[in-house]
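Take a look at the letters that make up each chain.
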Amino acid sequence: MSTETYLNHPTFGLLFRICLVEESQELFATLYAQRLFFMVHSGPNGLKFEPIGRTDARILVENRLRLLRRAGQAKEQEQLQAIYKQTFQ
């Protein structure tokens, strides 16, 4: 079962979640073009959208893939690898 998470950005519309980066930080991309990336910070004051470049987003996903591999979380790694290929290749 895959769980997909979407957010509505006030300017750029619907974003989909690529992966968790750190506690209360997630990487999102625009749904249709998959060209704009945002680090979304969730906190007590709500959500904060921080735009980041494609290269930085790719590095974050690659780091997350390495972390999942080291932790032995094969299912999560496979799901993220599929998203990685779809988004960056």
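As the structure is a computational prediction, the values presented were derived from the model and not from experiment. (Residues numbered from 1 in each chain as written. Predicted model: local features only at pLDDT ≥ 70, side-chain atom pairs only at ≥ 80, totals over all residues. Heavy atoms only, no water.)

(A) Focus on the sheet that holds strand S5 (residues 46-52). Across the sheet, five strands lie side by side as S1-S2-S3-S4-S5; this open sheet has antiparallel pairing. Two strands bound the open sheet, and with one partner strand each, they are strand S1 (6-9) and S5. Averaged over all neighbouring strand pairs, the angle between strand axes comes to 40°, with direction disregarded. On the sheet, helix H1 (residues 54-71) packs against strand S2 (13-22), strand S3 (25-30), strand S4 (37-43) and S5 and is oriented at approximately 45° with respect to S2. (Pairing = 2+ DSSP bridges. Helix = DSSP H or I, 4+ residues; strand = E, 2+ residues; numbered from the N terminus. Axes fitted to C-alpha atoms, helices over the stretch in contact; angles between N-to-C directions. Contact = heavy atoms within 4.5 Å.)

(B) Expanded view of the side chain of His41. Positionally, His41 belongs in strand S4. With a relative accessible area of 19%, His41 lands in the buried category. A polar atom in the side chain of His41 sits 2.9 Å from the side chain of Glu50. (Buried < 20%, exposed > 50% of the residue type's maximum accessible area, 1.4 Å probe, protein only. Polar contact = N/O pair within 3.5 Å; in protein donor to acceptor, adjacent residues only side chain to side chain.)

(C) Examining the packing of aromatic side chains more closely. Applying the stated rule across the entire model yields four aromatic pairs. On the numbers, 5.5 Å between centres and 40° between planes, the contact of Phe12 with Phe38 is tilted. Placement of Phe12 in the loop between S1 and S2 and of Phe38 in strand S4 is noted, with a sequence separation of 26 residues between them. According to the relative accessible area criterion, Phe12 is partly exposed, its value standing at 42%. (Phe/Tyr/Trp six-rings, centres within 6.5 Å; stacked < 30°, edge-to-face > 60°.)

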